[in-house]
Amino acid sequence: MRLRRRTLAGLAGVAAFHRPALAQAPGLRDLARIRGMTFGTAVRSEIMERDPALVALTAREAAIVVGEWEGKWDVLQPERGRFDFEPLRAVIRHAQAANQRIRGHTLLWHVAMPPWLAPALAEGPAQARAVLETHITTVLAETRAAIRDWDVVNEVIAVPPGSDNPDPTDGDLRPTPWLQALGPGYIETALRIARQADPTLRLTLNEFDLYADTRGANTKRQRLLRVVRGLLDRNCPLDAIGIQGHLQMRDPFRPEIFTAFVRSLHELGLAVLITEMDVREPDQLAPTLEARDAAVAEYATRFLQAAIDGGARTFLTWGLTDRDSWLVTDPGVARRDGQTHRGHPYDAELRPKALRAALARLFS
Ligand code: XIL
């Protein structure tokens, strides 16, 4: 009896705590779910640890999260054979407390490599393969209960002429230490290791610069389709394509081109996810914040609607707020005019902007 009373009191407390949230408009996660879609965001565990307001916002808006840096090699295996899962566990803890799904990012990338890795890969193909296998199997053994979708490979398609920082190659694959060490079969190797380690894991190939109506993006789409068809022809396990969606408003966008591309991936039997959407504003900014935010929302809406028309159903932004974004902190992508990009659904004070409203509209 006593126990029961305490339980009821506890429930009443929980209800009272949640009442203000219930009175608010539904979160993006709920709106999206009603339409059979999934909305989520990248998170950074160190910010979640110290910012309850962001934790609450993320819990309300996101049905799925991905660690922005916690699943990368330099964090997970800072020294050869020494794994550190603490940051990724923090992502998982927050996600589970908010009843969110989790994506993993990323088991193979040429960036965020710990200093020991390139020399280890250069020890020869057998060693390189062993290093890759140890990493993937150890990470997947740790995360298999919590993470059911990993970006197995990230940014493996060569950057064509007509893009920023094109690669010096005519080939479809990006010249990286992985390609150099293992040859062009390395993507297949990584995917097969992942399938073997965790047979029901969704295996995703994640890539950037696939959306615009530019010469570079057009070539990149063709390269990706060629690589993916080649993998599937060889019966290589692959379940999904992640289209990052780091949008740049200076780039022309033609919805029909992007929709057709997303459709052609679906026709290959693959799921398509928008994994990292954010928006970089053009050099010439509109005169008011309202006009800038409206322009960001409009550009993103055209992109997202085209993705929906192509059959995509899962959308993650690369962070929820302008405050925490790499678009502010990373010199490679930050503005040089002292302004900060307003490319996220919430501003630096965690106030919703036109993009948040646009997402709600897309999901209603
Ligand atoms: C970025 C993070 O957001 C930054 O904080 C970090 O400094 C560099 O990496 N494509 C990806 C992501 O796949 O992992 C990148 O994330 C952004 C581009």
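Above this text you will find the structure in question.
The structure displayed is predicted, hence computed values, not measured ones.

Remarks on the site of the ligand
Thought 1: By nearness alone, every residue bordering the ligand is listed as E68, K72, H105, W109, N154, E155, Q244, H246, E276, W318, W326 and D330.
Thought 2: One of the side-chain N or O atoms of Q244 is found 3.2 Å from an oxygen atom in the ligand.
Thought 3: Between the ligand and the protein, one listed contact pairs an oxygen atom with a side-chain N or O atom of E276 at 3.0 Å.
Thought 4: Alone, the ligand offers 410 Å² of accessible surface; in the complex the protein occludes 79% of this.
Thought 5: Residue classes in the shell around the ligand are distributed as three nonpolar, four polar and five charged.

A closer look at the pairing of strand β5 (residues 202–207)
Thought 1: When you tally the buried positions in β5, you get five out of six residues, the bulk of the element.
Thought 2: Looking at chain direction, strand β4 (residues 149–154) and β5 are connected through five bridges and run parallel. Directly across from W150, in β5, lies its bridge partner L203.
Thought 3: In the sheet, β5 pairs with strand β6 (residues 240–243) via four bridges, with the strands oriented parallel. Considered in β6, the bridge of N206 is made with G242.

Observations regarding the pairing of strand β8 (residues 271–280)
Thought 1: Along β8, nine of the ten residues are buried, which leaves the element largely enclosed by surrounding structure.
Thought 2: Inspection of the sheet shows β6 paired to β8 by four bridges, in the parallel sense. Bridged to I241 within β8 is V272.
Thought 3: Tracing the backbone out of β8, into helix α13 (residues 289–309) and back to the parallel element strand β9 (residues 314–317) gives a crossover that is right-handed.

Calculation notes
Residues numbered from 1 in each chain as written. Predicted model: local features only at pLDDT ≥ 70, side-chain atom pairs only at ≥ 80, totals over all residues. Heavy atoms only, no water. Near = heavy atom within 4 Å. Polar contact = N/O pair within 3.5 Å; in protein donor to acceptor, adjacent residues only side chain to side chain. Areas by Shrake-Rupley, 256 points an atom, 1.4 Å probe, with all protein chains shown as cover. Nonpolar A, V, L, I, M, F, W, Y, C, P; charged D, E, K, R; others polar. Buried < 20%, exposed > 50% of the residue type's maximum accessible area, 1.4 Å probe, protein only. Helix = DSSP H or I, 4+ residues; strand = E, 2+ residues; numbered from the N terminus. Pairing = 2+ DSSP bridges. Right-handed = clockwise from strand over helix to strand, strands pointing away.

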